[in-house]
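Here's the letter readout for the chains.
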Amino acid sequence: MDAPRRDRRRGPYVGHGEYLAAAWAVHETAERLLAAGPGDHLAPKLRTAVDGVGKALMYLDNSGGTIGDALRALTALHGRAVGPAPPKRPQTLATWIGRTVHGPGPVRGRLPCPGSA
């Protein structure tokens, strides 16, 4: 997810499609790698991708919710990648997920947990 960099000086519609395509390409690749084996090595890269998409949402037009969908999908994949080797401080991970999915402030309700129904 290093390729798409958002230039804040441009309009909210410029690069929307390219950024969205890159986010879903990262998702598809990470999903294949997770299906092939343990994904604990993917967790740092997925976290970087999620952070990048979250920052881009501040400047891109997301009126259709398409980039938000990619953000939620990448966050769920990050959760699957962290599952086999949970962090030493799960509270830090939970805080990061809450801020990523719900934005700043306290999380109301329950966070989505991949794999649970």
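Rules and cut-offs
- Residues numbered from 1 in each chain as written.
- Predicted model: local features only at pLDDT ≥ 70, side-chain atom pairs only at ≥ 80, totals over all residues.
- Heavy atoms only, no water.
- Helix = DSSP H or I, 4+ residues; strand = E, 2+ residues; numbered from the N terminus.
- Contact = heavy atoms within 4.5 Å.
- Axes fitted to C-alpha atoms, helices over the stretch in contact; angles between N-to-C directions.
- Parallel < 35°, antiparallel > 145°, perpendicular 65-115°, else oblique.
- Left-handed = near helix turned anticlockwise from the far one by under 90°.
- Nonpolar A, V, L, I, M, F, W, Y, C, P; charged D, E, K, R; others polar.
- Expected span 1.5 Å × (residues − 1).
- Buried < 20%, exposed > 50% of the residue type's maximum accessible area, 1.4 Å probe, protein only.
- Arc of directions from axis to C-beta.
- Core = buried A, V, L, I, M, F, W, Y, C linked by side-chain atoms within 4.5 Å.

(A) Focus on the side chain of H78. The topology assignment puts H78 in helix α3 (residues 66-82). Once residues within four sequence positions are removed from consideration, H78 is found in contact with A43, L46, R47, L93 and W96.

(B) Molecular detail of the packing of helix α2 (residues 43-56) against α3. The geometry of α2 relative to α3 is characterised by a closest axis approach of 9 Å and an angle of 160 degrees between their N-to-C directions. By the angle between their directions, the pair α2 and α3 is classed as roughly antiparallel. Considering only the axes of α2 and α3, their crossing is left-handed. Only I67, L71, L74, T75, L77, H78, A81 and V82 of α3 make contact with α2, whose side of the interface consists of A43, L46, R47, A49, V50, V53 and G54. Its residues assigned to classes, the contact of α2 with α3 shows eleven nonpolar, three polar and one charged.

(C) Fine view of α2. The terminal C-alpha atoms of α2, which comprises 14 residues, lie 20 Å apart, in line with the 20 Å expected from a rise of 1.5 Å per residue. Among all positions of α2, only A43, L46, A49, V50, V53 and A56 are buried. For α2, the angular spread of the buried residues around the axis is 150 degrees, confining them to a single face. Exposed and facing more than 90 degrees away from the buried side of α2 are P44 and K55.

(D) Geometry of the nonpolar core. In terms of nonpolar packing, the biggest core is built from 23 residues, with L46, V53, L74 and A81 touching the most fellow members. If you list the elements that add at least two residues to this core, you get α1 (16-36), α2, α3 and α4 (90-102). With seven residues, α3 is the single largest residue contributor to this core. Excluding residues within four positions of it along the chain, L46 makes contact with A30, L74, L77, H78 and A81.

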